[in-house]
Amino acid sequence: MTMTTPLLGQMMDVPLTVPSLLTHAARHFGSTEIVSRRIEGDLHRYTYRDCEKRAKQLAQALIALGVAPGERVATLAWNGYRHLEAYYGTVGFGAVCHTINPRLFPDQIAYIVNHADDAYVLFDTTFAPLVDHLAPQCPKVRGWIALADVGHLPAMQTPVLNYETLLQAQDGQFEWPELDERQASYLCYTSGTTGNPKGALYSHRSTVLHAFGASLPDAMGLSARDAVLPVVPMFHVNAWGIPHAAPLTGAKLVFPGKDLDGKSLYELMESEHVTFSAGVPTVWLGLLNYLREAGVKFSSLNRTVIGGSACPPAMLRTFEDDYGVQVIHAWGMTEMSPLGTLSKLTWEQSQRPPAEQRKLLEKQGHAIFGVDMKIVGDDGRSLPWDGVAFGDLHVRGPWVIDRYFRKDESPLVDGWFPTGDVATIDPDSFLQITDRSKDVIKSGGEWISSIDIENVAIAHPAVAEAACIACAHPKWTERPLLVVVKRPGMDVSRETLLAFYDGKVAKWWIPDDVAFVDELPHTATGKLQKLKLRDIFRDHVLPSALEDQKDCPLTPLSPHA
Ligand code: AMP
């Protein structure tokens with residue numbers, strides 16, 4: 001075959017850059033509102049047009065402070081309009097916006113600030129004590145900027161700059177510079193359940209492509225007729241891309257600030273006619289409890305994305321059957337910007353019997369265009385998409401990580417990113433996450449899905465929260481132990497709970513024991529901290545282990561590591 005020069009397309013090579021999203025919203029949806037519950041206590045409202053002007057003032061202020069393109073500017077902030085300005089006012093002139101999760105341990109935060117080499121840190125005044133703790137450990141930070149006006153500055157040991165004063169000194173007459181779409185945009189660190197957190201450094205191109213993907217009708221499906229309330233924090237994986245998808249589509253934004261209890265969320269959703277929301281299951285537990293206790297219903301909310309951890313089927317049913325809200329179950333991760341799959345049915349699937357449709361919707365869904373996935377066995381070979389074979393989930397695509405920030409070694413295997421999740425994929429191409437690979441329970445060499453076991457427990461009316469972990473067993477190596485938090489004022493016995501599993505899962509999946517606790521350990525992003533839980537129950541002896549110990553006297557009853 002002779003090599004020929006490829007015939008190139010003759011369309012404009014306009015780079016995909018983040019500030020163009022806000023410019024689009026300011027021009028075409030200029031009067032669409034952005035409403036924020038402020039930590040000052042009041043509701044703040046302005047428009048996309050106002051937001052772009054202030055984002056430009058911030059860019060001018062940061063440039064005046066000497067921030068150069070490529071330098072990191074961090075945020076420690078709740079969901080609100082000033083945080084949105086920081087999202088654009090940094091990235092817009094080529095700096096990198098590093099969103100920090102304030103729920104991490106302070107020492108981890110100090111590690112992250114130093115690792116990212118943050119030039120400035122913008123912080124909500126709620127975090128003033130945290131900043132006082134961090135500042136001595138982060139000597140390279142050139143300035144700490146309080147997201148407040150002069151009247152709301154708290155007393156602090158650290159000398160701080162004031163956001164509103166910085167903005168007032170600028171006129172907003174600023175053109176976003178031409179940027180290379182491969183330049184870095186946002187820096188997000190993983191929650192770091194093992195070892196130090198690692199940084200995922202997105203690019204303008206990956207952020208914009210992800211915003212397109214997130215907005216698709218069978219993804220989040222945002223539109224200019226939506227009012228969107230992201231409960232998922234802007235300090236966790238860019239609030240799942242909503243701060244970019246909303247300006248892209250012209251959706252109204254409603255920011256809840258720091259009050260994420262059921263009552264505050266419900267009242268804001270009602271007063272701002274919110275149609276769409278997104279968050280982790282734990283937050284929705286609080287909201288659903290409030291709705292039940294107060295005997296109220298939604299008047300405008302019609303759909304919500306639930307992800308970050310598995311959405312229990314019982315929660316999906318309550319949202320849909322009792323409140324008429326469509327649940328879109330989603331899976332993703334920091335390393336994927338984060339969206340990977342969402343549960344929406346095709347026309348054909350929506351013609352199937354209701355129980356079959358529900359079964360599909362309980363799964364994490366199908367990949368959006370831009371995300372390629374496969375499941376592989378221990379030998380690295382692809383497993384069939386039959387809904388039965390479990391395997392390590394690998395992904396690739398234009399918004400999937402290639403390398404961690406400031407780490408040389410590549411995490412990729414044959415060009416694919418190993419997610420650390422274990423999953424099945426069914427003939428409908430629906431993904432189901434069964435576990436993190438390190439949380440998998442292997443009983444007699446066969447895998448048991450801890451998520452399935454937890455979902456059954458949560459469906460019991462007396463169970464508020466449940467976690468299933470592996471416990472050492474002399475005969476089977478590991479057997480499941482269920483750890484349960486009861487609902488306040490309700491009771492259930494070990495025997496009743498175990499009997500509740502009859503007919504719901506395979507007999508050998510039924511946990512061998514139940515332990516009742518007051519609370520379960522969670523990570524900074526609200527996920528169950530199973531590593532810690534396994535540590536707590538390291539010496540737990542299963543009754544079945546004692547039984548089988550008699551049959552296998554030579555097998556030591558060693559705690560599971
Ligand atoms: P993070 O990077 O903090 O967003 O965490 C990503 C991890 O959260 C994934 O690798 C999964 O283990 C878990 N996760 C996210 N969404 C889901 C979901 N819908 N169901 C089960 N696990 C999930």
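Our subject is the structure listed above.
What you see is a predicted model; the values in this text were computed from it and never measured. (Residues numbered from 1 in each chain as written. Predicted model: local features only at pLDDT ≥ 70, side-chain atom pairs only at ≥ 80, totals over all residues. Heavy atoms only, no water.)

## Some details on unusual backbone geometry
1) Next: At the junction of Ser 337 and Pro 338, the peptide bond is cis and its omega measures out at 10 degrees in the coordinates.
2) Next: Within the secondary structure layout, Pro 338 lies in the loop between strand 14 (326-332) and strand 15 (339-342).
3) Next: Within the secondary structure, Ser 337 is located in the loop between strand 14 and strand 15.
4) Next: Its relative accessible area of 6% is what places Ser 337 among the buried residues.
5) Next: Phi is positive for Asp 414, which is not a glycine, with a value near 50 degrees.
6) Next: As for its placement among the helices and strands, Asp 414 is situated in the loop between strand 18 (391-396) and strand 19 (417-425). (Helix = DSSP H or I, 4+ residues; strand = E, 2+ residues; numbered from the N terminus. Buried < 20%, exposed > 50% of the residue type's maximum accessible area, 1.4 Å probe, protein only.)

## Here we look at the pairing of strand 8 (residues 184-189)
Remark: a regular strand shows side chains that alternate across the two faces of the sheet.
1) Next: Of all 6 residues in strand 8, 5 are buried, a share of seventy percent or more.
2) Next: Here 3 bridges tie strand 4 (residues 96-99) to strand 8, and the two strands are oriented parallel to one another. Across the sheet, the residue bridging to Thr 99 is Cys 188, located in strand 8.
3) Next: The pairing of strand 8 with strand 9 (residues 199-203) spans 4 bridges and is classified as antiparallel. Each residue of the ladder has a partner; that of Tyr 189, found in strand 9, is Gly 199. (Pairing = 2+ DSSP bridges.)

## Observations concerning the layout of surface pockets
1) Next: A volume near 710 Å³ is recorded for the second largest pocket.
2) Next: Taken together, 31 residues form the lining of the second largest pocket, with Pro 313, Lys 359, Glu 362, Gln 432 and Asp 452 sitting closest to its centre.
3) Next: Those elements that provide at least two residues to the lining of the second largest pocket are helix 11 (313-323), helix 12 (354-362), strand 20 (431-436) and helix 13 (450-458). (1 Å grid on protein atoms, 1.4 Å probe; cavity = no way out; pocket = protein on both sides within 12 Å on 5 of 7 lines; lining within 4 Å. Points joined across faces, edges and corners; volume = space filled by probe spheres on them.)

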